[in-house]
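Tertiary structure, described
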Amino acid sequence: MTRRPLSPIWLAQPSRFASISPWRGRIGLVLVALLLLATLLVFATPMPPAASRDPARRADDQADVVLYETIVEGVRHGGDYYQVAANAQRAGNYPLKPFVTFRLPTLAVVQGSIPSWATPLLLYALALAVFVAWYRRLAPVFSRPPPLLIAMALLAAGMMAFVQAELAPFHEIWAGMFVALSLAVRRPGAWLPAAAFGLVAVLIRETAAPYLALMAVMAWIDGQHREAIGWGIAITILGVVLTLHAHAVAQVVHPLDPQSPGWAGMLGFGFFIRTMTVSTALALMPLWLAAPLIGLSLVGWAAWRDPLGLRMVLLLAGYALVLSILGRLDTFYWGLLVAPAMLVGLAFVPDGVRDLVAAAQDTRRITVTRVTR
């Protein structure tokens with residue numbers, strides 16, 4: 001017997017859980033409970049070094065940002081990117097091996113070719129584009145304005161770190177916003193802008209490559225083969241660029257330059273939760289409250305009956321796996337790649353959880369009686 005979906009609370013259409021069977025509803029509630037408990041593993045995860053907030057110690061608090069600022073200034077004054085980057089990394093005692101310890105030159109070359117005052121303007125323009133794209137994407141999803149405004153406030157909370165002009169040299173800031181923009185503009189049959197923005201994201205920070213792979217696989221599964229090929233072309237372009245990048249890095253690296261210690265941090269799921277809290281406005285909340293909200297945002301994305309909802313769940317789960325296995329305390333900023341839109345998932349929680357509970361509590365049975373005439 002199929003249950004009749006309950007009327008949505010906030011959404012214009014019923015959630016993904018609206019018509020599930022009672023046993024699926026009970027399993028779903030158990031999984032939600034386990035997920036929320038798992039978020040508390042954050043308390044067993046070491047904390048990234050805290051910033052002193054002393055302007056005089058900015059070189060220590062934001063060492064990576066200062067490094068990238070130095071590289072941009074070197075490029076702006078006519079230096080070759082790879083030579084400038086190698087010298088800056090040696091001066092800062094950064095590793096120069098393997099080649100991925102060098103950022104791709106895209107962001108530094110662009111910022112070095114424009115006046116310094118123009119960079120914050122580009123940052124704000126991109127943030128505005130992300131905000132407008134998500135507003136247009138979410139406007140038909142909610143049944144009335146208040147929940148839409150809540151969703152947009154959640155988007156703003158996820159983008160808090162992305163509108164800080166002093167972080168403009170940071171590659172993940174730009175790549176994360178281009179990933180968010182790509183997600184918002186993607187439509188079945190109208191995928192080219194999304195693939196283009198995704199390509200820009202990986203050409204700024206190659207660690208956004210799992211996003212391209214996910215979109216290619218999901219397009220193929222959905223039967224959108226031309227779209228899958230388009231994402232595949234973007235992946236191929238990235239591969240060519242990385243090959244050229246590796247060759248260029250090899251020309252400036254010396255045999256005695258330091259090697260990276262590797263990325264097998266094995267810090268676990270709690271580290272993903274911590275990275276998500278420090279990457280969003282949840283950093284302003286107590287950790288005991290912020291951590292479960294990360295879990296609930298995953299539940300919310302799963303509840304949205306839309307291909308984008310499923311893609312968001314898989315994207316966040318993929319980066320949770322990457323950060324759990326490969327993340328180190330000093331690479332917590334990888335979470336910025338998926339942080340901008342993550343908290344929007346909380347807007348889908350009221351409908352999703354209500355429908356899960358309703359399904360789990362449904363004890364109706366069909367009784368068949370035989371009538372003899």
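Residues numbered from 1 in each chain as written. Predicted model: local features only at pLDDT ≥ 70, side-chain atom pairs only at ≥ 80, totals over all residues. Heavy atoms only, no water.

**As for the packing of aromatic side chains**
Heads up, the condition is: Only Phe, Tyr and Trp rings take part, Trp by its six-membered ring, and two of them pair if their centres are within 6.5 Å. Stacked means planes under 30 degrees apart, edge-to-face means over 60, and tilted covers everything else. Numbered from the N terminus, helices here are DSSP runs of H or I no shorter than four residues, and strands are runs of E no shorter than two.
With the rule as written, the count across this model stands at 12 aromatic pairs. Judged by centre distance (4.8 Å) and plane angle (10 degrees), the ring pair of Trp-304 and Phe-348 falls under stacked. Taken together, the positions of Trp-304 in the loop between helix H13 (287-303) and helix H14 (307-326) and Phe-348 in the loop between H14 and helix H15 (349-361) put the pair 44 residues apart, joining distant regions of the chain. A network of ring pairs unites the aromatic residues Trp-134, Phe-142, Trp-301, Trp-304 and Phe-348 as a single cluster.

**Observations regarding unusual backbone geometry**
This is how it is decided: Buried, partly exposed and exposed residues are distinguished by accessible area as a fraction of the type maximum, computed with a 1.4 Å probe on protein chains only: under 20%, between the cut-offs, and over 50%, respectively.
Following Lys-97, the chain continues into Pro-98 via a peptide bond in cis, with omega recorded as -5 degrees. Checked against the element boundaries, Pro-98 lands in the loop between helix H4 (81-91) and helix H5 (106-112). One non-glycine residue, Asn-93, adopts positive backbone phi at about 60 degrees. Following the sequence through the fold, Asn-93 ends up in the loop between H4 and H5. Given the relative accessible area of 67%, Asn-93 is considered exposed.

**Here we look at the pattern of salt bridges**
Where we set the bar: Salt bridge, as used here, is a side-chain nitrogen of Lys or Arg placed within 4 Å of a carboxyl oxygen of Asp or Glu.
Counting across every chain of the model gives 9 salt bridges. Between Glu-206 and Arg-205 there is a salt bridge, with the nearest N and O atoms lying 3.0 Å from each other. Across this residue pair, the class does not change: Glu-206 and Arg-205 are buried. Taken together, the shared-partner salt bridges connect Glu-172, Arg-205 and Glu-206 into one network.

**Considering a nonpolar patch on the surface**
Put simply, the rule is: Like charges are joined within 9 Å and nonpolar side chains (Val, Leu, Ile, Met, Phe, Trp, Tyr) within 5 Å, but only among residues with over 30% relative accessible area and no salt bridge; these make up the patches. The protein chains shown are the only cover counted for residues, whose accessible areas, like all others here, come from Shrake-Rupley with a 1.4 Å probe.
Taken together, the side chains of Trp-23, Ile-27, Val-30, Leu-31, Leu-34, Leu-37, Leu-40, Phe-43, Met-285, Trp-288 and Leu-289 make up a nonpolar region of the molecular surface, amounting to roughly 1,100 Å² of accessible area. If you list the elements that add at least two residues to the nonpolar patch, you get helix H1 (22-39) and H13. If one sorts the elements of the nonpolar patch by residue count, H1 sits on top with 6 residues. Tracing the backbone through its elements, the reader meets Trp-288 in helix H13. Owing to a relative accessible area of 59%, Trp-288 belongs among the exposed residues under this scheme.

**Considerations on the side chain of Gln-111**
The following threshold applies: Throughout, a residue-residue contact means that at least one pair of heavy atoms, one from each residue, lies within 4.5 Å.
Assignment of secondary structure puts Gln-111 in helix H5. Overall, the relative accessible area of 4% leaves Gln-111 in the buried class. Gln-111 has contacts with Val-72, Arg-76, Thr-119, Ala-168, Pro-169 and Trp-174, leaving out every residue within four places of it along the chain.

**Description of helix H6 (residues 118-138)**
Just so we agree on the cut-off: Each residue after the first adds 1.5 Å to the expected span of a helix.
Between its terminal C-alpha atoms H6 stretches 30 Å, which fits the 30 Å expected from 21 residues at 1.5 Å a residue. Three or more residues of H6 are buried, namely Ala-118, Thr-119, Leu-123, Leu-126, Ala-127, Val-130, Ala-133, Trp-134, Arg-137 and Leu-138. Buried positions along H6 lie against H5, helix H7 (145-158), helix H8 (171-185), H13 and H14.

**Focus: the environment of Thr-243**
Applicable threshold: We call two N or O atoms a polar contact when they sit within 3.5 Å, provided that within protein one can donate a hydrogen and the other can accept it, with sequence-adjacent residues counted only if both atoms are side-chain atoms.
Within the element layout of this structure, Thr-243 appears in helix H11 (residues 225-250). Thr-243 gets classed as exposed once you look at its relative accessible area, which sits at 55%. Measuring from C-alpha to C-alpha, the distance between Thr-243 and Phe-99 comes to 9.9 Å, with 144 residues separating the pair along the chain. At 2.9 Å, the side chain of Thr-243 and the backbone oxygen of Gly-239 are in polar contact.

**Description of H11**
Look at H11: 37 Å from first C-alpha to last across 26 residues, which is about the 38 Å you get at 1.5 Å a residue. Regarding H11, the residues found buried are Glu-227, Ala-228, Gly-230, Trp-231, Ala-234, Leu-238, His-245, Ala-248 and Val-249. Considering only its buried residues, H11 is in contact with H4, H8, helix H9 (192-204) and helix H10 (209-221).

**Thoughts on the packing of H6 against H8**
Heads up, the condition is: Here, axes are lines fitted to C-alpha atoms. For helices the fit covers the stretch in contact, and angles between N-to-C directions go from 0 to 180 degrees. Any angle that is under 35 degrees is reported as roughly parallel, and any over 145 degrees as roughly antiparallel; angles of 65 to 115 degrees are reported as roughly perpendicular and all others as oblique. Take the far helix as your reference; a near helix turned counterclockwise from it by less than a right angle gives a left-handed crossing, and one turned clockwise gives a right-handed crossing. Think of it as three bins: nonpolar holds Ala, Val, Leu, Ile, Met, Phe, Trp, Tyr, Cys and Pro, charged holds Asp, Glu, Lys and Arg, and polar takes everything else, Gly as well.
Direction vectors running N to C along H6 and H8 enclose 25 degrees, while the axes themselves pass 9 Å from each other. As summarised for this structure, H6 and H8 are arranged roughly parallel, according to the angle between their axes. Both H6 and H8 take part in a crossing whose hand is left-handed. Taken together, the residues of H8 that come into contact with H6 (itself represented by Thr-119, Leu-122, Leu-123, Leu-126, Ala-127, Ala-129, Val-130, Ala-133, Trp-134 and Arg-137) are Ile-173, Trp-174, Met-177, Phe-178, Ala-180, Leu-181, Leu-183, Ala-184 and Val-185. Across the contact of H6 with H8, the residue classes tally to 17 nonpolar, 1 polar and 1 charged.

Read these as spatial facts, not as claims about activity.
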